[in-house]
Protein chains: 2
Amino acid sequence: MKEVTIVGAGLVGSLWAVYLSKAGYKVRIFERRPDIRKAEISAGKSINLALSDRGWKALEGAGVADRVRDIAIPMPGRIMHDMEGKLTYQAYGKENQAIYSVSRGGVNARMMDIAEQVGNAEITYNMKCTGADLKEGICHFENTETGAKQTVKSDLIFACDGAFSAIRYNSMQKLDRFNYSQRYIEDGYREVLLPANEDGSYKIEKNALHIWPRGRFMLIALPNEDGSFTCTLFMPYEGENSFSQLTSADKVDRFFKETFPDFYEMMPNIGEAWEDHPLSSLAITRCYPWHHGKAVLMGDAAHATVPFYGQGMNAGFEDCTVMWELMQKHNEDWEKIFEEFSIQRKPDGDGLQDLSLHNYHVMRDYVADPKFLLQKKIEAHFSAKHPEKWLPLYSMTTFSDIRYSVAWKEGQRQQSIMDEVMTTEDIEAKWDSEEVESKILELLER
Amino acid sequence: MKEVTIVGAGLVGSLWAVYLSKAGYKVRIFERRPDIRKAEISAGKSINLALSDRGWKALEGAGVADRVRDIAIPMPGRIMHDMEGKLTYQAYGKENQAIYSVSRGGVNARMMDIAEQVGNAEITYNMKCTGADLKEGICHFENTETGAKQTVKSDLIFACDGAFSAIRYNSMQKLDRFNYSQRYIEDGYREVLLPANEDGSYKIEKNALHIWPRGRFMLIALPNEDGSFTCTLFMPYEGENSFSQLTSADKVDRFFKETFPDFYEMMPNIGEAWEDHPLSSLAITRCYPWHHGKAVLMGDAAHATVPFYGQGMNAGFEDCTVMWELMQKHNEDWEKIFEEFSIQRKPDGDGLQDLSLHNYHVMRDYVADPKFLLQKKIEAHFSAKHPEKWLPLYSMTTFSDIRYSVAWKEGQRQQSIMDEVMTTEDIEAKWDSEEVESKILELLER
């Protein structure tokens, strides 16, 4: 029986343990943090996550989707809140399609249960990876509480240790011809908890992702099981409307009152709650190759992204689907599996990141724009009539398992077509006309 | 008297020691390698370097230019060798303008002498930087021969420790919002030494940079003082014409015979000499910010580039000029100096790298192209008539101290003008006509 080391008991490491166990491997997981199921600590970044098709598919592939379903709240669309508190609803996809809100802490705890109970994995906590010999399959760990050192040799190493992967930093970055980049975007985020009503009910529509788009910044809210919402303000660090301006409870209070009046009404104590969560940064990390010797990077360690398409977790879970397919294809010849995983999956990591950055601008700048909403309406209308010719970009990304790289390319093509369609005279009146339909059909032929 | 730590006794660290000493600082330098003046070791990458105006200006600012002049061989132009061994000469600038060939080992040894003798610096060798506390001004070193550890506290830290800077890796990369990238280009290089004739004379023109441009790859040669040439083959790692194909002395022999016949004639033993030097990679590293606490990055540590514009050393030396000017401006208020150095100099680091990548393509693909040579002739002709309106890009980069960022932008503008000029009918005949001159003047006004 082959012995395998997984570095990181996060979402991807925990799920991958189940797949490996299914294939007959003995799995040991080493996690840097304490067990979040026992301690009152956060599981890192705490933006709520949105589980969508790729994630569900990977969970189903491991036979554990049902164990997650009860903590996932469906959000079939987004609700935009304008300055006057007026609401606009936009469905994400077709009827019966939704993305699902899960809290990071909740889903991570659940995934650890699954790794232990279904994956028969042994998880050791407080184990910081201090180095590795990837050719030999050796990892060095140090216990962060006792200082004790441990060296672990195994047949394979799966580095599922996040955006700032210790395996990657300690043992891959200095390899000749290893490409790497970490790029922080100019915005940061701060979380705010909008509590439930006294009777435990939700203060705003439960089954939706709420957005207060304000151009250069935005507030979003995702539902929790207990009636509360995890809200996140995304905003530049510096400049006119920026975190650097919100230096006192008074200023925060005034800012929310003026900018998010309907939110402020629900949470007039925002000024005091402001410091409950820290200001955090957002980065994209890219690297290549994703493997070396007996080790491979998966999830954020390979392709960490900004959260604006809600695809980070889904992409990490999909890595498990892809790796599993390669295991079948190459009959567990791991040299071939790792090599093909790097080559095949890298463009999709890049595509995921390009999509995420793109949606950052869409959510911030366009989601409230009538022209953008009209464009999306035309696309949905056309797509309903010609589903084989047009799958909207959001649906390709969220409600399909089309490769991210393909979705991104197809999305750019669709955008250039819609750029032309939107110049049609009197488009507001003609949006569902035959003229517009033929124009799209014609442009698709080009 | 303020005490200062310089990490790295390379070209930039050694020169910067002189400037600091001039300002009354006590300088200690810690170098990872042994003393190259005593040991038979290479000073890292050994492509010969081309010293040009920015470099000379920085050496003169420290009053040490004369100490370098005797090991520098002027190269007023480049000589292209075609497949038939036919030579084409192209001057780099005006009469009396030249770039200067220096061997990396030779100039580094000389700069260490200067650091000790003029900069009163104390250099300690075999000292590997294992970590640092940049807020406190503390560096940790380990002696690579004895294993002894040493902690050094000083008022300021200058990290001049190269493309893969230990200070940057150990103490800056994990800082929140620190941007970093290392990107290897698809080409590598291998050095070949073309020996002098038996009487010590040069086998080809001494005072020139020789290029054998072959489209996707090229060979270059720079003169040494002893009659030899340091030659470098730049070529992709993989593919049709690539290092991966040159797997035996026979294959190398055949490749040179067919591809560089005039070179092969001078060095028929190339097949055996092939393994004298290793195949090495080429990378661009970018990062931001360049400072933190009491430390700042200079030279390659801040903006390592590929060698195709011959500006890596010159840019590093120019960092000394810029830092020195900021010292005067801010009266040695180092917080302000470091901050402004990062903000002001970063675009020039980027510009330097963009220029280097651009010249990589120019040298490889265009330098032998009659159309390209004609374009350069037109530019030179126009520039001679209207020197205040047009300084060729190569001259801006090499024979001026115009900011790299400005040169790069201006170069792109010139290129778009020349793109139009070169479409003129019968341009080969009219290149020095009034028609072409007025066209350029008109396009410059746009």
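As shown above, the structure is provided for reference.
Just so it is clear, the structure is predicted and the values come from calculations on it, not from any experiment. (Residues numbered from 1 in each chain as written. Chains lettered and ligands numbered in written order. Predicted model: local features only at pLDDT ≥ 70, side-chain atom pairs only at ≥ 80, totals over all residues. Heavy atoms only, no water.)

### Let's talk about the relation of the copies chain A and chain B
By a simple turn and slide, chain A fits onto chain B: the slide is 0.0 Å along the axis, the RMSD is 0.0 Å, and the turn is 180°. Both copies of the chain, as the preceding transformation shows, are related through a two-fold rotation axis. The rotation axis passes nearest to the C-alpha of A:Ser181 in chain A, at a distance of 2.0 Å. Comparing interface residues between copies, 100% of those in chain A also lie at the interface in chain B; the contact surface is shared. (Least-squares fit on C-alpha atoms with pLDDT ≥ 70 in both. Contact = heavy atoms within 4.5 Å.)

### With respect to the packing of aromatic side chains
In this structure the tally under the stated criterion is 58 aromatic pairs over all chains. Relative to A:Phe263, the ring of A:Phe256 lies with its centre 5.8 Å away and its plane at 45°, an arrangement referred to as tilted. Classification of A:Phe263 by relative accessible area gives buried; the value is 0%. Each ring, one from A:Tyr394 and one from A:Phe399, has its centre 6.2 Å from the other, and the planes form 65°; the classification is edge-to-face. Side by side, A:Tyr394 and A:Phe399 carry an identical accessibility label, which is buried. The structure contains a cluster of three or more aromatic residues connected by ring pairs, namely A:Trp212, A:Phe217, A:Phe243, A:Phe255, A:Phe256, A:Phe260, A:Phe263 and A:Trp274. Cation over ring: B:Lys377 sits above B:Trp431, and NZ or CZ is 4.5 Å from the ring centre. (Phe/Tyr/Trp six-rings, centres within 6.5 Å; stacked < 30°, edge-to-face > 60°. Buried < 20%, exposed > 50% of the residue type's maximum accessible area, 1.4 Å probe, protein only. Lys NZ or Arg CZ within 6 Å of the ring centre and 35° of its normal.)

### Thoughts on the nonpolar core
If you look at the biggest cluster of nonpolar residues, it comprises 146 residues, and the most contacted ones within it are A:Trp16, A:Phe158, A:Trp334, B:Trp16, B:Phe158 and B:Trp334. Excluding its chain neighbours within four sequence positions, the residues that come into contact with A:Trp334 are A:Lys2, A:Trp16, A:Leu20, A:Tyr25, A:Leu156, A:Phe158, A:Met323 and A:Met327. (Core = buried A, V, L, I, M, F, W, Y, C linked by side-chain atoms within 4.5 Å.)

### Focus on the sheet that holds strand E7 (residues 99-102) of chain B
Residues and elements named next belong to chain B. If you trace the three strands from one edge of the open sheet to the other, you get E3-E7-E4, paired in antiparallel fashion. The two strands at the open ends of the sheet, each matched to only one other strand, are strand E3 (49-51) and strand E4 (73-75). Strand-to-strand, the axes of this sheet are offset by a mean angle of 40°, without reference to chain direction. Relative to E7, E4 is paired through three bridges, and the arrangement is antiparallel. Residue proline 74 lies in a different strand from E7, and its bridge partner there is tyrosine 100. On top of the sheet, helix H10 (residues 312-329) reaches E3 and E7; it is set at about 50° to E3, its chief contact. (Pairing = 2+ DSSP bridges. Helix = DSSP H or I, 4+ residues; strand = E, 2+ residues; numbered from the N terminus. Axes fitted to C-alpha atoms, helices over the stretch in contact; angles between N-to-C directions.)

### A short note on the pattern of salt bridges
All names here are of chain A. Taken as a whole and assessed by the stated rule, the structure comprises 55 salt bridges over all chains. Note that arginine 28 and glutamate 3 form a salt bridge whose closest N and O atoms lie 3.3 Å from each other. Of this pair, arginine 28 sits in strand E2 (residues 26-30) while glutamate 3 sits in strand E1 (residues 3-7), placing them 25 residues apart in sequence. Judged by its relative accessible area of 17%, arginine 28 falls in the buried class. Note that arginine 69 and glutamate 60 form a salt bridge whose closest N and O atoms lie 3.7 Å from each other. Classification of arginine 69 by relative accessible area gives partly exposed; the value is 38%. (Salt bridge = Lys/Arg side-chain N within 4 Å of Asp/Glu carboxyl O.)

### Let's talk about the sheet that holds strand E11 (residues 149-153) of chain A
All names here are of chain A. The three strands are arranged E9-E10-E11 in an open sheet whose pairing can be described as antiparallel. Across the chains shown, the open sheet's two edge strands, defined by having one partner strand only, are strand E9 (127-133) and E11. Neighbour-to-neighbour, the strand axes of this sheet turn through a mean angle of 25°, independent of strand direction. By the bridge criterion, five bridges tie strand E10 (residues 138-143) to E11 in an arrangement that is antiparallel. Paired with glutamate 142 across the two strands is lysine 149, which belongs to E11.

### Overview of the side chain of B:Thr321
All names here are of chain B. Here threonine 321 lies in helix H10. Judged by relative accessible area, threonine 321 falls into the buried class, the value being 10%. Filtering out sequence-adjacent residues up to four positions away, threonine 321 remains in contact with Tyr19, Lys57 and Ala58.

### Concerning the interface of chain A and chain B
In this complex, chain A contributes 18 residues to the contact, which on the side of chain B involves 18 residues. For the pair chain A and chain B, the summed buried surface comes to about 1,700 Å²; carbon and sulfur atoms form 39% of the total. For the chain A face of the interface with chain B, the top three residues by lost area are A:Tyr169, A:Arg177 and A:Gln182, together amounting to 40%. Counting across the chain A and chain B interface gives zero salt bridges. Taken together, the links from chain A to chain B amount to 14 residue pairs in polar contact (both at pLDDT 80 or more). Of all elements in the fold, only helix H5 (166-171) and strand E13 (179-194) of chain A reach the threshold of two or more residues within the side of chain A that touches chain B. The leading source of residues in the side of chain A that touches chain B is E13(A), at eight residues. (Buried area = accessible area lost by both parts, 1.4 Å probe. Polar contact = N/O pair within 3.5 Å; in protein donor to acceptor, adjacent residues only side chain to side chain.)

### Focus: the pairing of E7(B)
Where E3(B) and E7(B) come together, three bridges link them in antiparallel fashion. Opposite B:Ala50, over in E7(B), you have B:Ser101 as the bridge partner.

### A short note on the environment of A:Gly271
All names here are of chain A. If you trace the backbone, glycine 271 turns up in helix H8 (residues 270-273). Look at glycine 271 and you get buried, because its relative accessible area is 9%. For the pair glycine 271 and lysine 329, spaced 58 residues apart in sequence, the C-alpha separation works out to 56 Å. Setting aside its immediate chain neighbours within four residues, glycine 271 contacts Ala249, Val252 and Asp253.

### Topic: the packing of helix H2 (residues 53-61) of chain B against H10(B)
Residue and element names in this part refer to chain B. With their axes 8 Å apart at the nearest point, H2 and H10 run at an angle of 45° to one another. Overall, the two elements H2 and H10 adopt an arrangement that is oblique. Along this stretch, H2 crosses H10, giving a crossing that reads as left-handed. For the pair H2 and H10, the contacting residues are Arg54, Gly55, Lys57, Ala58 and Leu59 in the first and Asn314, Phe317, Glu318, Thr321 and Glu325 in the second. A class-by-class count of the residues in the contact of H2 with H10 yields three nonpolar, three polar and four charged. (Parallel < 35°, antiparallel > 145°, perpendicular 65-115°, else oblique. Left-handed = near helix turned anticlockwise from the far one by under 90°. Nonpolar A, V, L, I, M, F, W, Y, C, P; charged D, E, K, R; others polar.)

### Some details on the packing of helix H1 (residues 11-22) of chain A against helix H10 (residues 312-329) of chain A
Residues and elements named next belong to chain A. Axis separation between H1 and H10 bottoms out at 9 Å; the angle between their running directions is 20°. As summarised for this structure, H1 and H10 are arranged roughly parallel, according to the angle between their axes. For the pair H1 and H10, the crossing hand works out as right-handed. Here H1 contributes Leu11, Val12, Leu15, Trp16, Tyr19 and Lys22 to the contact with H10, which in turn contributes Met313, Gly316, Phe317, Cys320, Thr321, Met323, Trp324 and Met327. Class assignment of the residues belonging to the contact of H1 with H10 gives a composition of eleven nonpolar, two polar and one charged.

### Here's the deal with the pairing of strand E1 (residues 3-7) of chain B
All names here are of chain B. Judged by how many residues are buried, E1 sits mostly within the fold: four of five residues are covered. As paired elements, E1 and strand E2 (residues 26-30) share five bridges and run parallel to each other. Each residue of the ladder has a partner; that of isoleucine 6, found in E2, is isoleucine 29.

### Let's talk about unusual backbone geometry
That bond from A:Tyr288 to A:Pro289 is cis: its omega, -5°, falls within 30 degrees of zero. Here A:Pro289 lies in the loop between strand E17 (279-288) and strand E18 (291-292). The phi angle at A:Asn331 is positive, at roughly 50°, despite the residue not being glycine. The topology assignment puts A:Asn331 in the loop between H10 and helix H11 (334-366). The backbone phi angle of B:Arg177 is positive, close to 65°, even though this residue is not glycine. The partly exposed category is assigned to B:Arg177, whose relative accessible area is 27%.

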